[in-house]
Each structure stands twice: as C-alpha cells, then as structure tokens.
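Here's the letter readout for the chains.
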Amino acid sequence: EGINLSQRFQTAYLSGASGYILVADGTRKETFEEAIRVKEYVESVLGDVPFLLAINKVDLSATWEVTTDDTKILSEKGWPIIRTSAKEGVAVEEAFSNLASRMLDI
C-alpha cells in the first residue's frame, strides 16, 4: 500500500493504448478498490479512452465481497461492468468484444 500507482505502472506501458480492461476479483474487495484507483491513474495518463471493468470469479459469486451496491455506484457513473469467470470461460469473449465495440465507436 505504500507504493503509489506511478511506481507500479510505467507510463511507457500505457503509451498508445486505445482502450483497456480492468479486472477485479469479486471475492476480494480490495482488488475492486484498486481497480478504481488504477482507472483514475490510467485516465490521468491516457485521458478518456474506452475501458471496461471485469469482475472475475462469477463462479464463486456466493463468496463475493464486491456487492451489487458497489457496482451500482460505478454503473451510475457510466462504468461498463461485466461479470466474468476466467476459470469457466463465462463472458470473457463478451468482455473483449464489448471493449472492441467501444473502441470502434470513438
């Protein structure tokens, strides 16, 4: 927690990006909160480019720490959110297709 985002992300890694997917682990709320901080940092570097928040581990939704209220707040701010499961392949392709569509709409 003592390391700021600019120390973890080299600006060069973001250079030229036309969009991005943030991934949070639904069973670990701290990853959701970190995704919010990362989005703010990336936006300060890239400006307003298309993005999507994928909340992963929908296969373990009974143990999620990320609540509907948490996601509702971001949805109301215009954040595109999709629930995924990398393990089971749920909505992973949909997340990439959704982002690609957003990038083409610019």
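The structure reproduced in this document is the subject of the present report. Every value quoted in this text rests on a predicted model; they were computed, and no experiment measured them.

**Describing the environment of Thr68**
Okay, so step 1: Relative to the helices and strands, Thr68 resides in helix α4 (residues 68-76).
Okay, so step 2: Linking Thr68 and Ala86, residues 18 residues apart in sequence, is a C-alpha distance of 20 Å.

**Remarks on the nonpolar core**
Okay, so step 1: In this structure, Leu22, Phe32, Leu53, Ile55 and Trp79 are the most contacted members of the largest nonpolar core, which totals 18 residues.
Okay, so step 2: Counting only elements with at least two residues in this core, the list comes to β1 (20-25), α3 (29-46) and β2 (51-56).
Okay, so step 3: Counting residues per element, this core draws most heavily on α3, at 5 residues.
Okay, so step 4: With sequence-adjacent residues up to four places away left out, Phe32 is seen in contact with Ala24, Leu53, Ile55, Val66, Asp70, Thr71 and Leu74.
Okay, so step 5: If you look at the next biggest cluster of nonpolar residues, it comprises 5 residues, including Leu52, Ala54, Ala91 and Ala95.

Criteria and cut-off values
- Residues numbered from 1 in each chain as written.
- Predicted model: local features only at pLDDT ≥ 70, side-chain atom pairs only at ≥ 80, totals over all residues.
- Heavy atoms only, no water.
- Helix = DSSP H or I, 4+ residues; strand = E, 2+ residues; numbered from the N terminus.
- Core = buried A, V, L, I, M, F, W, Y, C linked by side-chain atoms within 4.5 Å.
- Buried < 20%, exposed > 50% of the residue type's maximum accessible area, 1.4 Å probe, protein only.
- Contact = heavy atoms within 4.5 Å.

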